[in-house]
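Letter by letter, the chains look like this.
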Amino acid sequence: MDLITLTGEPWADYGLVDSGHGRKLERYGKYRFIRPEPQAMWAPASENWDAHGEFVPGADEDGGGRWNFTKPVPSEGWPLRWEEVRFTAQNTPFRHLAFFPDMSPVWHWMRSQIDGMDAPEFMNLFGYTGVGSLAMAAKGAKVTHVDASKKSVAEGKANAALSGMEDLPIRWMIDDAAKFTAREVRRGRRYDGIILDPPKWGRGPNGEVWKLEEGLPGLIADTTRLLDANSRFLFLTVYAVRMSALAIGELLRQHVSHLPGKVECGELAVREEARGLELPTAIFARWSRG
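These numbers come from a predicted model, not from an experiment. (Residues numbered from 1 in each chain as written. Predicted model: local features only at pLDDT ≥ 70, side-chain atom pairs only at ≥ 80, totals over all residues. Heavy atoms only, no water.)

## Digging into the packing of aromatic side chains
Geometrically, a pair of aromatic rings is defined through the distance of the ring centres and the angle of the planes.
Now for step 1: Overall, the coordinates contain 17 aromatic pairs when judged by the stated rule.
Now for step 2: Here the aromatic rings of phenylalanine 55 and tryptophan 67 are separated by 5.3 Å at their centres, their planes lie at 75 degrees, and the arrangement is edge-to-face. Residue phenylalanine 55 is located in strand S5 (residues 53–57), and its partner tryptophan 67 is located in strand S6 (residues 65–69); the two are separated by 12 residues in the primary sequence. You'll find phenylalanine 55 and tryptophan 67 in the same group, each marked buried.
Now for step 3: Aromatic ring contacts, followed pair by pair, group Trp11, Tyr14, Tyr28, Tyr31, Phe33, Phe55, Trp67, Phe69, Trp78, Phe87 and Phe99 into a single cluster. (Phe/Tyr/Trp six-rings, centres within 6.5 Å; stacked < 30°, edge-to-face > 60°. Helix = DSSP H or I, 4+ residues; strand = E, 2+ residues; numbered from the N terminus. Buried < 20%, exposed > 50% of the residue type's maximum accessible area, 1.4 Å probe, protein only.)

See below:
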């Protein structure tokens with residue numbers, strides 16, 4: 001199985017400015033932030049980083065920590081834009097800023113897969129604040145957005161309103177992703193495209209416990225049952241876990257063996273503005289009809 005890299009290029013409202021010595025400097029609109037980045041093992045292009053704040057991680061490995069601000073930053077967030085989608089960026093307690101900019105090439109790729117289709121059915125599992133859902137809805141997809149967090153779904157609806165897309169056909173579901181998918185299988189539902197971005201660990205709305213290594217095989221088995229020979233794609237991303245792109249690629253390949261098309265796997269990366277190097281951020285596996 002060939003390994004490929006999907007690299008996110010800078011855009012007007014986001015860029016990886018510099019990276020190195022285990023950190024990265026990014027711009028989010030007019031604000032700049034420093035965050036930990038273990039993959040940045042090299043030296044930075046510049047030793048002098050001017051930022052509005054820096055995230056200092058806690059002692060645990062679950063992403064907690066605190067922000068230290070050196071310049072004023074709106075606590076309620078500020079608007080950014082990706083293509084037609086407008087959304088609110090905000091400093092969260094989990095080091096990210098309420099969206100994942102390295103998903104930009106994934107959003108572009110998914111939109112290309114449904115090009116020319118009439119109202120394709122698309123599902124976004126672990127959909128978070130909905131930027132990917134809105135990117136697909138803007139291209140005519142009927143979207144089912146699933147996340148266990150009421151807060152994230154509320155933020156997704158707010159981003160839809162900010163984008164002027166509140167009237168587009170999006171089902172906002174507060175639900176456990178695995179249980180929802182299993183029910184969709186029993187209902188005999190199908191989708192033209194599915195993306196899933198499962199966390200390493202999480203809880204559902206009723207206290208359900210999610211552990212990636214334990215839950216992923218069953219979830220992939222169920223999501224692939226929602227695809228048929230006319231479906232276009234499934235895209236899986238995995239962050240912050242000791243897992244191989246080849247391993248998740250093989251897992252997906254076995255479950256789509258009944259479908260035409262191809263399976264690919266590899267890494268997501270973001271291109272640094274200072275030198276053009278690629279900073280890896282996650283691994284992925286994807287199936288597409290061709």
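## Quick word on a nonpolar patch on the surface
Now for step 1: Taken together, the side chains of Met1, Leu3 and Leu246 present a nonpolar region at the surface, about 290 Å² in accessible area.
Now for step 2: Within the fold, leucine 246 resides in helix H6 (residues 245–255).
Now for step 3: With relative accessibility at 41%, the residue leucine 246 sits in the partly exposed group. (Patch = residues over 30% accessible without salt bridge, like charges linked within 9 Å, V, L, I, M, F, W, Y side chains within 5 Å. Areas by Shrake-Rupley, 256 points an atom, 1.4 Å probe, with all protein chains shown as cover. Salt bridge = Lys/Arg side-chain N within 4 Å of Asp/Glu carboxyl O.)

## Remarks on the pairing of strand S8 (residues 85–89)
Now for step 1: Alternating residues of S8 divide into Val85, Phe87 and Ala89, all buried, and Arg86 and Thr88, none buried.
Now for step 2: Pairing of strand S7 (residues 78–82) with S8, which is carried by five bridges, proceeds in the antiparallel orientation. Residue arginine 81 lies in a different strand from S8, and its bridge partner there is arginine 86.
Now for step 3: The turn linking S7 back onto S8 is made up of two residues, and glutamate 83 within it adopts a positive phi angle of 50 degrees. (Pairing = 2+ DSSP bridges.)

## Let's talk about the side chain of aspartate 13
Now for step 1: Mapped onto the fold, aspartate 13 is located in the loop between strand S1 (3–8) and strand S2 (14–20).
Now for step 2: We note that aspartate 13 is buried and unpaired, the nearest opposite charge coming from arginine 81 at a distance of 6.0 Å.
Now for step 3: A polar contact is formed between the side chain of aspartate 13 and the backbone nitrogen of arginine 81, at a distance of 2.7 Å. (Lys, Arg positive; Asp, Glu negative; His and termini not counted. Polar contact = N/O pair within 3.5 Å; in protein donor to acceptor, adjacent residues only side chain to side chain.)

## Considerations on the environment of arginine 81
Now for step 1: With respect to the element layout, arginine 81 can be found in strand S7.
Now for step 2: Here arginine 81 falls in the partly exposed class, since its relative accessible area comes to 37%.
Now for step 3: For the pair arginine 81 and serine 163, spaced 82 residues apart in sequence, the C-alpha separation works out to 8.8 Å.
Now for step 4: Beyond its immediate sequence surroundings of up to four residues, arginine 81 is in contact with Trp11, Asp13, Arg86 and Phe87. (Contact = heavy atoms within 4.5 Å.)

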